[in-house]
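A look at the structure
Letter by letter, the chains look like this.
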Amino acid sequence: MKRLIFIFTVLFLCFVSLVAQPVLDPGLEAEMQRIGDEEKSKVVILLTEQSDATALLREAEYFASRQEQRQFVIETLKRQAETSQYELIGLLNEMERNGMVDEIQQFWIVNCVSCKANKAAINDLAQHRDIMTIYHCQETQWIFENEATPGPRGNGREITQNLLQVNAPQVWEQGYMGAGVLIAIIDTGIRLDHADLAGRLWDGGAEFPHHGYDFYYHDNDPSDDWGHGTHVAGTICGTGASSSQTGIAPEATIMALKAFNSDGVGEETHWVAAMQFALEHDADLMNMSLGRPQPNPAQKLMMHQACDNTLAAGVVVAACAGNIRQMQFMMPVPNNIYTPGDCPPPHLHEDQLVNAGGTSCVICVGAVNYDNAIASFSSEGPSQWTDVTAYNDYPYTAGSTTEIGLIRPDICAPGVQIKSLDFNTTDGYTLMDGTSMATPLVAGTIALMLSKNHELTPAQIDEILERTAVKLTEHKSNDFGSGLLDALAAVNAVDYDGVEKIRNEAQVYPNPSTGDFTVVGEGIHRVYVFSIEGKLLKTIEMNGKECHIEDLTNGVYLLKIDTENGVIVNKIVKL
């Protein structure tokens, strides 16, 4: 036990300093040319010390439950931010007293601070030794306008066509409807009094009486003033109380996190603050039917870091690919996918391994129509990360068989003429198009999977979704990803109902191990050893009971144990 505590302490302190780049982002330099000496512009200050999310994920895997893992990651990131930002915050507070800055906000899911600062303050900050880069934080369009048309009421208890297309009713027949799963919806807010969401809203207690928070206007009222977020919420858990069953996980609970105004406009700071809130308040997953087209490298770094650390906390995100397929003349491949949809998935598909790179929490979702043809608007991959020095992976060269970029999306779902909830009424429906409408179908399916096994990791969730998708192309593609979402197949592929139950069926010891371990159980045929990212590393035929992993580096590995009675999943710690 003392050795484990020592390891935690050492790993806990392991953070990386990212490669140096110009402190003042070119966009900020241009902004400083535009503004007067006393005028303030909003900036984001990224500190040099950022977490090594891969190491943090390995550390977190030592903990037995997702809740323990999440708490460890949150406390670690907060401690890092508090320590490394201490001197900077003292300087900013002094500048605030002198009228040079205001609206100071600290973050921990990414080690950064935002504020409004004048030119003198920005130039002084650029000399600070702990700052990697400062960039201009501009409001931009994150959620693009959808043409909504009224949706007719159903006859009796209609089940909408998109739910039928992914085999949702068959999952419900098995008793899995999302119960006990909390989904954070980061969007334009939600119509909180819609009849089809009654009983499905998060109880935030006296502190958050309206089931969430508004990060755009900084108040407790996350009500929808556009309609996008309400439509998304209805696809996740609309109960059908007003006649049309629109929700794929009708017993799930949703948290309303408003990050954008009535035009879908906002900043990445709003989005990052919403992610922090979701992690702190125990959301099991997040839906992000949003995205920023063509962010600069500093903005991409900030959003990727947030998604990396969310993965370390054991939380998965469903994010839309984007709706700009037909705008290749302005945003061509490999820049056609929105950020954060262009961030890597938790599990790397075998077709990606020719050009493998890092992982994050993002499952990217494209859209098809009811004939399973690609939607005319659904953004086209791949993406690439060679423009961000800290990552410098997933290189893309057109026509190359090796530099294929990062295949985007991961999966697709119906996103054309999707019927869901209308924010203009308390009981109406509307039709919308977009990858935004496909994404909550994937998020809701994840809720169904988690209601069967709440301890699934993001990598396991992603692998199951992709492996069970209906193939629309021979290989994972930059149109359809791994294929069409199949909720029934995905839930059926979740082979067990609880980690503790499974652990009792096979004993793995010693655990932790320095090189060899033994598996004891009935009818064991073989053991597969996977990395925490889901990559198969070893296949061990069980002629005896001893397994050898002395050739693997220290860390946490997943074990898939094939037995005559089915599959057992466990973990092994290599010291």
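Please refer to the structure placed before this passage.
Note that the coordinates shown come from a computational prediction; the quantities given were computed from them, not determined experimentally.

1. Quick word on the overall build of the chain
- Counting its secondary structure elements, the chain contains 15 helices and 27 strands.
- Its C-alpha atoms give the chain a radius of gyration of 23 Å, within 12% of the compact-globule value 25 Å for 575 residues.
- With respect to the principal axes defined by its C-alpha atoms, the chain has extents near 75 × 65 × 55 Å.
- For the chain, the residues scored as buried account for 61% of the 575 residues in total.
- Restricting the contact set of the chain to residue pairs at least 6 apart, pairs at least 24 apart contribute 76%.
- Carbon together with sulfur atoms contributes 48% to the accessible area of the chain, which is approximately 21,400 Å² in total.

2. Side note on the pattern of salt bridges
- Scanning the entire structure with this criterion turns up 21 salt bridges.
- We note a salt bridge from K119 to D37, for which the minimum N-O separation is 3.2 Å. Of the two residues, K119 is situated in helix 6 (residues 119-125) and D37 in the loop between helix 2 (26-34) and strand 2 (41-47); the sequence distance between them amounts to 82 residues.
- The salt bridge partner of D387 is K300, with a shortest N-O separation of 3.3 Å.

3. Examining the packing of helix 4 (residues 66-84) against helix 10 (residues 268-280)
- Interaxial distance between helix 4 and helix 10 falls to 10 Å at its minimum, and their mutual angle equals 135°. Taken together, the axis directions place helix 4 and helix 10 in an arrangement best described as oblique. Taking contact as the criterion, the partners of R70, I74 and K78 in helix 4 are, on helix 10, A278, L279 and E280.
- Residues belonging to the contact of helix 4 with helix 10 are distributed by class as follows: three nonpolar, no polar and three charged.

4. Some words on the packing of helix 12 (residues 435-452) against helix 13 (residues 458-468)
- At a minimum axis distance of 11 Å, the contact between helix 12 and helix 13 shows a crossing angle of 115°. Considering their axes alone, helix 12 and helix 13 lie roughly perpendicular with respect to each other. You can see that helix 12 and helix 13 cross each other, and the crossing is right-handed. Counting all contacts with helix 12, which are made through V442, T445, I446, M449 and L450, the residues of helix 13 involved are I461, I464 and L465.
- Residues that form the contact of helix 12 with helix 13 fall into these classes: seven nonpolar, one polar and no charged.

5. What about the state of the cysteines?
- Tallied over the entire structure, the rule returns zero disulfides.
- C137 carries a free sulfur, and the closest cysteine sulfur to it, the one in C112, is 9.3 Å from it.

6. Some remarks on the environment of P169
- Within the secondary structure, P169 sits in helix 8 (residues 168-173).
- Each C-alpha atom, one on P169 and one on A487, is 9.2 Å from the other, the two residues being 318 residues apart in sequence.
- If we ignore the near neighbours within four places in the chain, the residues touching P169 are I159, L163 and L164.

7. Some words on the sheet that holds strand 6 (residues 131-136)
- With antiparallel pairing, four strands are arranged side by side in an open sheet as 4-5-2-6. A strand with exactly one partner marks an edge of an open sheet, and here the two such strands are strand 4 (101-107) and strand 6. Averaged over all neighbouring strand pairs, the angle between strand axes comes to 20°, with direction disregarded.

8. Topic: unusual backbone geometry
- For the peptide bond that leads from T339 to P340, omega is 20°, which places it in the cis range.
- By the element assignment, P340 lies in the loop between strand 16 (316-320) and strand 17 (362-368).
- The amide bond that connects R408 to the next residue, P409, takes the cis arrangement and shows omega of 0°.
- Inspection of the secondary structure assignment puts P409 in the loop between strand 17 and strand 18 (411-414).
- A positive phi angle, near 55°, is found at E103, a position not held by glycine.
- Within the secondary structure, E103 is located in strand 4.

Scoring rules and cut-offs
- Residues numbered from 1 in each chain as written.
- Predicted model: local features only at pLDDT ≥ 70, side-chain atom pairs only at ≥ 80, totals over all residues.
- Heavy atoms only, no water.
- Helix = DSSP H or I, 4+ residues; strand = E, 2+ residues; numbered from the N terminus.
- Rg over C-alpha atoms; globule rule 2.2 N^0.38 Å.
- Buried < 20%, exposed > 50% of the residue type's maximum accessible area, 1.4 Å probe, protein only.
- Contact = heavy atoms within 4.5 Å.
- Areas by Shrake-Rupley, 256 points an atom, 1.4 Å probe, with all protein chains shown as cover.
- Salt bridge = Lys/Arg side-chain N within 4 Å of Asp/Glu carboxyl O.
- Axes fitted to C-alpha atoms, helices over the stretch in contact; angles between N-to-C directions.
- Parallel < 35°, antiparallel > 145°, perpendicular 65-115°, else oblique.
- Nonpolar A, V, L, I, M, F, W, Y, C, P; charged D, E, K, R; others polar.
- Left-handed = near helix turned anticlockwise from the far one by under 90°.
- Disulfide = S-S within 2.5 Å.
- Pairing = 2+ DSSP bridges.

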